[in-house]
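The chain contents come next:
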Amino acid sequence: MTTSVPMKVLAFSPLYRPFLGGIEILLENTLQPLRELGIDVAVVSESAEGLAEFEVMDGTRVYRLPMSAAVRSRVAHEPLMVIRRLAAIIKKEQPSLLHMHSVAQAAAFYVDRLTTAPNPLPILVTLHGVLEEEDKLGVVLRLLGRARALSGVSRACLASGASYLPDHVPRHLIYNGVPPASVTAPPWRMGERVRLISVGRLQKEKGFDLAIRGLAQAVSHGFDGEISIVGRGNEEQELRSIARALGIAERVLFCGEMPPAEVEREMARCHAILAPSRQREGFGLVVAEAGRLGVPAIVADTGGLSEVALHGRTGFVVDQDNAGAIGSALLNLFSSQAEWCRMSDHARSHVRESFGLANCIEGYADFYRSNTWTDPHAI
Amino acid sequence: MRYEADAARISHERLNDEVIIINVETGAYYSGSGIFADLWSALMEGASDLEIVQHFEGSHSGEANSIRADVRDVIGQLIAKGLLSEAPERSSPAALSLPDVPGASWSTPSFAEYTDMWDLIQLDPIHEVSEAGWPFAPPKDAG
């Protein structure tokens, strides 16, 4: 009788739970199902005050190392100690491969050092953001160039890193997956005030000022709507000023920070999500989360956003930095109940078909299985 | 010729087979292992270039000319990068405390240079969130 030995993976994520960014949510949603498929992923992430150096969280072994702090110290002893601890973790875990969730992180230095020996462990890289010029540091590109395989959470992410790898290196598109909705969203009815939502840090790059200006333009054409802005950041006062100056202060609701479950409930109350980002978003998780509720989207044509929202089908993809286009899209989207319902249905089905959690889990299982081969001499 | 690293500018340490050298003024990191780590250790123990070459000729199999050229080349690179400078003449170390490498073959020592470490940790996508979850910001007093 043979016993199936699980494949072991050591994944590097800048942070892990209890932090909840895009990568952490992905890991939280996928690690347990991957274990059930025979792929045992342990996580290495940054140290954080008050969190243990090692703990098991829902069956996942989590190691926290002061990777950034050691670099910041500029004392040679500190990064050496991290290298030593990481080598001990690798010895204990005996992974078949290393998986970098985002290559532009402090762990890149340590992984680079640990894999310069002959017969190093294979490195897989997932790009969670579009690789920008400022990301293209020596160590980042060196590690990318040594990756056995690359995956991206959108075509835009994948394309941004693909030119740094030899042609023969496999590329995998693995969209982030969102679990089924836990609430239902009632449909918009013609004549009902339109409720919009934007979610994210209140910083200029997110373009929430464009959302407010777009709403103001639509209102000037008789549109009856309001927007809830969820999140906080240093742009809040500026956004309030813009709303006041445009005469729509009472239509712009600043919700501040909300726990994820409340964000979902707030999304379910809304009839469209606006993501007018000025930066190249890697994916657009909140747009996918809204889409699963049947909430159409108006997004900027940037990065992975225009893959999560489909122009004319699940919402509108508009030019970046163009408030007028947002205003026009609002008027179009809410021109008839039938049009809105069509977009809502497509949004729900697009998320189910393209961003289902099962697809995502299977994508990572295939990423690992198809890019691993046994090398008994690997460190 | 003997060499030294300016303690005010250069932080360096060896652990097992790995050495890290940091120019704290520029933030540049340098790291190497194996023969490079031994070469750096020997330099920091006060050995002259000649003594280091003699040591490696005894400990590694390889062309003497190659060993001599490689050692001088690496020392030259370290000087050029501001990590080493010539030191006043002093007595030879009694013995170099380098690991035994029985049967080792000579290979050109090399080290990696990381000049963008500060940029790297600035890039680190540390999310502005707290334990309460996204998009909660961390407490003001959190590290």
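Residues numbered from 1 in each chain as written. Chains lettered and ligands numbered in written order. Predicted model: local features only at pLDDT ≥ 70, side-chain atom pairs only at ≥ 80, totals over all residues. Heavy atoms only, no water.

(A) Expanded view of the overall build of chain B. Looking only at helices and strands, chain B has four helices and eight strands in total. Listed N to C, the secondary structure of chain B is β-β-β-β-α-α-β-α-β-β-β-α in terms of helices and strands. Counting the 143 residues in chain B, one finds 45% classified as buried. Residue pairs at least 24 apart in sequence account for 64% of intrachain contacts in chain B once pairs closer than 6 positions are excluded. For chain B, the accessible area works out to roughly 6,900 Å², and carbon and sulfur atoms hold 48% of it. (Helix = DSSP H or I, 4+ residues; strand = E, 2+ residues; numbered from the N terminus. Buried < 20%, exposed > 50% of the residue type's maximum accessible area, 1.4 Å probe, protein only. Contact = heavy atoms within 4.5 Å. Areas by Shrake-Rupley, 256 points an atom, 1.4 Å probe, with all protein chains shown as cover.)

(B) View of the sheet that holds strand β12 (residues 272-275) of chain A. Residue and element names in this part refer to chain A. Spatially, the six strands line up as an open sheet ordered β11-β10-β9-β12-β13-β14, and their pairing is parallel. Looking at which strands have only one partner, the edges of the open sheet turn out to be β11 (252-256) and β14 (315-318). Between one strand axis and the next, the sheet turns by 20 degrees as a mean value, whatever way the strands run. The pairing of β12 with strand β13 (residues 297-300) spans three bridges and is classified as parallel. (Pairing = 2+ DSSP bridges. Axes fitted to C-alpha atoms, helices over the stretch in contact; angles between N-to-C directions.)

(C) Inspection of helix α9 (residues 260-269) of chain A at higher detail. Of the positions making up α9(A), those classed as buried are V263(A), E264(A), E266(A), M267(A) and A268(A). Buried residues along α9(A) sit against β9 (194-199), β10 (225-230), β12 and α10 (285-291) of chain A.

(D) Molecular detail of the sheet that holds strand β3 (residues 18-23) of chain B. Residue and element names in this part refer to chain B. Ordered in space as β2-β3-β4-β8, the four strands form an open sheet in which the pairing is antiparallel. Edge positions in the sheet fall to β2 (10-15) and β8 (112-114), since each of these pairs with one other strand and no more. Put simply, the sheet's adjacent strands are angled 15 degrees from each other on average, direction ignored. Two strands pair when backbone bridges link them, and strand β4 (residues 28-33) and β8 are joined in this way by three bridges, in the antiparallel orientation. Its bridge partner lying in β8, Y30 is registered against E113.

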